[in-house]
Amino acid sequence: MPDYQRIKKELEGIAVEDNPALVRQKSRDFYWYSPILKAQLDNVTADLVVTPKTEEEVIRTLKVAYAHDVPVTPRGAGTGNYGQAMPLSGGIVLNLAAMNKIKEIHPGRVICEPGIVIAELDRQTKAHSGQELRFHPSTAQTATIGGFIAGGSGGVGSITWGGLRDLGNILRLRVVTMEAEPRILDLTGWDLTKVSHAYGTNGIITEIELPLAPAYDWVDVLVGYDDFMDAVRFSDALAKCNGILVKEIAPIAAPIPYEYFTRHRPYIRQGQSIVALMIAPHSMAPFVAFTMQQKGEITFRSDKVESMKGIPHAYELAWNHTTLRALKVDPSITYLQVQYPGPDHVAKVQKMVEIFGDEVPGHLEFIKFDGQIQCSGLPLVRYTSEARLEEIIKIHQDHGCPIFNPHRYTLEEGGMKQTDAIQLAFKKETDPKGLLNPGKMIAWDDPNFDFKSGKNYLFPGLAALMEAS
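Quantities reported herein were computed from a predicted structural model and do not represent experimental measurements.

1. Overview of the nonpolar core
Line of reasoning, step 1. Ile145, Ile149 and Leu173 are the most contacted members of the largest nonpolar core, which totals 69 residues.
Line of reasoning, step 2. For this core, the element with the highest residue contribution is strand β10 (residues 204-214), accounting for 4 residues.
Line of reasoning, step 3. Looking at this core, you find at least three residues from each of domain 1 (4-95) and domain 2 (219-404).
Line of reasoning, step 4. Here leucine 173 is in contact with Ile149, Leu185, Asp186, Leu187, Leu192, Val195, Ile205, Glu207 and Ile208, once residues within four sequence places are set aside.
Line of reasoning, step 5. Core analysis: the next-biggest nonpolar cluster, separate from the first, contains 41 residues, Tyr225, Cys375, Ile392 and Ile403 among them.

2. A look at the side chain of asparagine 320
Line of reasoning, step 1. Examined against the element boundaries, asparagine 320 turns out to sit in helix α11 (residues 320-329).
Line of reasoning, step 2. You can call asparagine 320 buried: its relative accessible area is 9%.
Line of reasoning, step 3. Polar contacts involving the side chain of asparagine 320 include one to the side chain of asparagine 81, which spans 3.0 Å.
Line of reasoning, step 4. A distance of 2.6 Å separates polar atoms of two side chains, one belonging to asparagine 320 and the other to threonine 323.
Line of reasoning, step 5. The contacts of asparagine 320, once residues within four sequence positions are left out, are Tyr33, Asn81, Ser138, Tyr335 and Leu378.

3. A few points about unusual backbone geometry
Line of reasoning, step 1. Note the cis peptide between alanine 254 and proline 255, where omega equals 10 degrees.
Line of reasoning, step 2. With respect to the helices and strands, proline 255 occurs in the loop between β12 (246-252) and α9 (256-260).
Line of reasoning, step 3. Here the amide bond leading from glycine 342 into proline 343 is cis, since omega sits at 5 degrees, within 30 degrees of zero.
Line of reasoning, step 4. Along the chain, proline 343 turns up in the loop between β16 (338-340) and α12 (345-356).
Line of reasoning, step 5. Located in the positive-phi region is histidine 197, a residue other than glycine, with phi close to 50 degrees.
Line of reasoning, step 6. Phi angles above zero are rare outside glycine, and lysine 295 is one such case at about 60 degrees.
Line of reasoning, step 7. What makes lysine 295 exposed here is its relative accessible area of 71%.

4. Re the domain arrangement of the chain
Much of the literature gives interface size as the accessible area that the parts lose upon coming together.
Line of reasoning, step 1. In terms of domain boundaries, the chain breaks down into domain 1 (4-95) and domain 2 (219-404).
Line of reasoning, step 2. Spacing between the C-alpha centres of domain 1 and domain 2 amounts to 35 Å.
Line of reasoning, step 3. Here domain 1 packs against domain 2, burying approximately 730 Å² in sum over the two surfaces, 66% of which is carbon and sulfur.
Line of reasoning, step 4. The largest contributions to the domain 1 side of the interface with domain 2 come from Tyr33, Pro35 and Ile36, which together make up 70% of the buried area.
Line of reasoning, step 5. Here domain 1 is connected to domain 2 by 2 residue pairs in polar contact (both at pLDDT 80 or more).

5. Let's talk about the sheet that holds strand β2 (residues 48-51)
Line of reasoning, step 1. Spatially, the 4 strands line up as an open sheet ordered β1-β2-β4-β3, and their pairing is mixed. Of all the strands in the sheet, the pair left with one neighbour each is β1 (15-17) and β3 (72-75). The average angle at which neighbouring strand axes cross in this sheet is 25 degrees, direction not considered.
Line of reasoning, step 2. Relative to β2, β1 runs antiparallel, the two being bridged by 3 bridges.

What counts, and where the lines are drawn
- Residues numbered from 1 in each chain as written.
- Predicted model: local features only at pLDDT ≥ 70, side-chain atom pairs only at ≥ 80, totals over all residues.
- Heavy atoms only, no water.
- Core = buried A, V, L, I, M, F, W, Y, C linked by side-chain atoms within 4.5 Å.
- Buried < 20%, exposed > 50% of the residue type's maximum accessible area, 1.4 Å probe, protein only.
- Helix = DSSP H or I, 4+ residues; strand = E, 2+ residues; numbered from the N terminus.
- Domains from an automatic or database assignment.
- Contact = heavy atoms within 4.5 Å.
- Polar contact = N/O pair within 3.5 Å; in protein donor to acceptor, adjacent residues only side chain to side chain.
- Buried area = accessible area lost by both parts, 1.4 Å probe.
- Pairing = 2+ DSSP bridges.
- Axes fitted to C-alpha atoms, helices over the stretch in contact; angles between N-to-C directions.

As structure tokens, this is what we get:
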């Protein structure tokens, strides 16, 4: 057992918290979206929370942790959904929220620290030069940019710009290694894939350089259809309109909008499916013309209401905010992450709708993937049992719709679907003791894991915690 009193003394001058209640609070994320993860991870907690303010303090912390064989789990704002930043082996939670400065803003790019909240980053770049991030998660008001890069894959804006791991969507990452003498590495180009979407398992991000796009006062729009598949076909057609500038296209099936989008209920009929949209102001006239042609009903426009006070942004109805709003009304709801590969993505969606009906209410996000328009899904699931959830997953996969499982906390099961050899090699180089966020990379802990079996990988260190619960 590490001597945490000694560790605290060696970290003197850096903010350290050991109050059990506060440490537990900083050891959580939104893992409870999944009833399976809730059972597995409910008792997970760190021993200390360390909050560095500078890169030098990060280096000091990692050096001390390495000397004492203490695990370190980096954390932003804890807005992840499947335990990415939860310390499975205890140890130190490295809270990077205090490293929140913008260092430089240039035409087309920004350099910042990892702890800045995304909405604040956008606010400052807009004020400086009318620029904004290419995309962001639905949690932009609370999530940090470092957490998004380490745990996210895309978001609001992916309909135009694709995903975070697409070359050019991250320009540079500065990373500190977990070694006896930590090194500082500047990664660019293909080397960025070593640490992006790696949950902080192979380096601590201390500086980020990202591209910017022109900022617009995006118009939030809801378009209604009586049939969900009509909403899907409208969305697909709109996504392919080269001249209409959009930032978000999310068709959402009834009864989700009326039942769960309570602040927008005056604009939604019971039984109506909707498409949540963000449209550039100069594209509104052509968008209205297109929608009329497609026989869609525009039920809400943010540029036509007297005040948006109390009304969420369109992006806060989409992505995993759809799930969050459903959970607030019905705690038994959970969700899946589905890919519908093109070019027959609409047909794949229709087949799933026919099979599952209201057991799995549809929610899609139209995105650009490998240069082509397609959709991913975050459908809700009316959860009954783990066995039935596994059946639903298998049926999707049997019909050519891969699941990126949000009921698993490992990199491979949740996103990669296989060992990422580049990330594994980089971890061996930069974290030789395996102290960074242990338990999240199957390839490190269990190199013989069978990805095709679908078995539930359970990090051995959790066994005692689960028995205690």
